[in-house]
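For reference, the chains in residue letters:
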Amino acid sequence: MPLLANAVVDLFLKGGPIMYPIALVTLVAVCIFVERVFWWLRFATKRSVKQLDAVYETLEAGNLAQAIAQSAQSSDPVVRMIHHGLHHRHSSMQGALEVAAGQELRDAGRFLSAMDTIVTLAPLLGLLGTVTGIMGSFTSIGSSELAVEKVTGGIGEALIATAAGLGIAIGTLVPMNYFHSRLAALKFDLEAAANNVLILAAQHGFDKVAVKA
């Protein structure tokens, strides 16, 4: 392990000054990845198909009050959305469902825009390191003292920075696409549940409760 750590530090130093912002971007990417992994793990433990089916059955039976009570303390985001829609049916059940679904999707999609920025930014930083490294090589060509070492050092700096930038982008792109797929699946579940609730509510007229003047 010490030898590996020394090799990493040596590569980092040979990559030039651009490696510092690349290291910062790497740190941000790792923090976001860890936070999202734990969020989705907690999310998986909150889902309850049985509770969702129980709410559907209660609504189908026409027992609105019991359906509201069943969904009141749920940690399942889909059931929470249903509770919000049923609880605010007097104004607009469909609008309340859409607002609640939007809040759940916002939490599920947190930091995805930052990951998308990292995927774009990291290769650009690597490219900037390539340019600065090649520029250093060309500026040292005219000097006779250790010219060869300076040229090869500049080329090495360019290659290391490029590899680091591409590595961060690739390492961030894969989990970002996975999180996007989970977000799309959640969106589908929310839309399907909202449609089911609207259909069941329409059967018993729950979505047409008049507002008292």
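Calculation rules
Residue numbers restart at each chain and count upward from 1, following the sequence in its written direction. Local features in a predicted model are, by the rule used here, given only for residues with pLDDT of at least 70; side-chain atom pairs are given and counted only at 80 or more, and totals for whole chains, interfaces and linings are based on all residues. Hydrogens and water molecules were not included; the side-chain quantities draw on all heavy atoms of the structure. The axes used here are C-alpha line fits, helices contributing only the stretch in contact, and every angle between their N-to-C directions lies in the interval 0 to 180 degrees. Helix and strand assignments come from DSSP, with helices taken as H or I runs of at least 4 residues and strands as E runs of at least 2, each series counted from the N terminus. Reported orientations rely on four angle classes, namely roughly parallel under 35 degrees, roughly antiparallel over 145, roughly perpendicular from 65 to 115, and oblique for the rest. Helix crossings fall into two classes, left-handed where the near helix is turned counterclockwise from the far one by less than a right angle and right-handed where it is turned clockwise. Here, two residues are considered to be in contact whenever any of their heavy atoms come within 4.5 Å of each other. We call a set of buried Ala, Val, Leu, Ile, Met, Phe, Trp, Tyr and Cys residues a nonpolar core when their side-chain atoms join them within 4.5 Å. Between buried and exposed lies partly exposed: a residue is buried under 20% and exposed over 50% of the maximum accessible area for its type, with that area taken using a 1.4 Å probe on protein chains only.

**Q** For this particular structure, what's the right way to read the packing of helix α3 (residues 49–60) against helix α4 (residues 64–72)?
**A** Helix packing geometry: the angle between the two helix axes and the distance between the axes. Look at α3 against α4: their axes get within 8 Å of each other, and the N-to-C directions meet at 165°. The pairing of α3 with α4 is recorded here as roughly antiparallel in orientation. Where α3 crosses over α4, the handedness of that crossing is left-handed. Mapping the contact onto sequence places Q51, A54, V55, T58 and L59 in α3 and L64, Q66, A67, Q70 and S71 in α4.

**Q** Even after reading the chapter, I still don't get the nonpolar core, so can you show me in this structure?
**A** Note that soluble globular proteins tend to have their nonpolar side chains buried in a common cluster. Grouped together as the largest cluster of nonpolar side chains are 47 residues, with contacts concentrated most on Y56, L59, M81, I82, L86, M93 and V197. Mapped onto this core, the elements with two or more residues apiece are α2 (19–46), α3, α4, α5 (77–87), α6 (89–108), α7 (112–141) and α8 (147–204). It is α8 that contributes the most residues to this core, 14 residues altogether. When sequence neighbours within four positions are dropped, the list of residues in contact with L86 reads L59, L64, A67, I68, M93 and V197.

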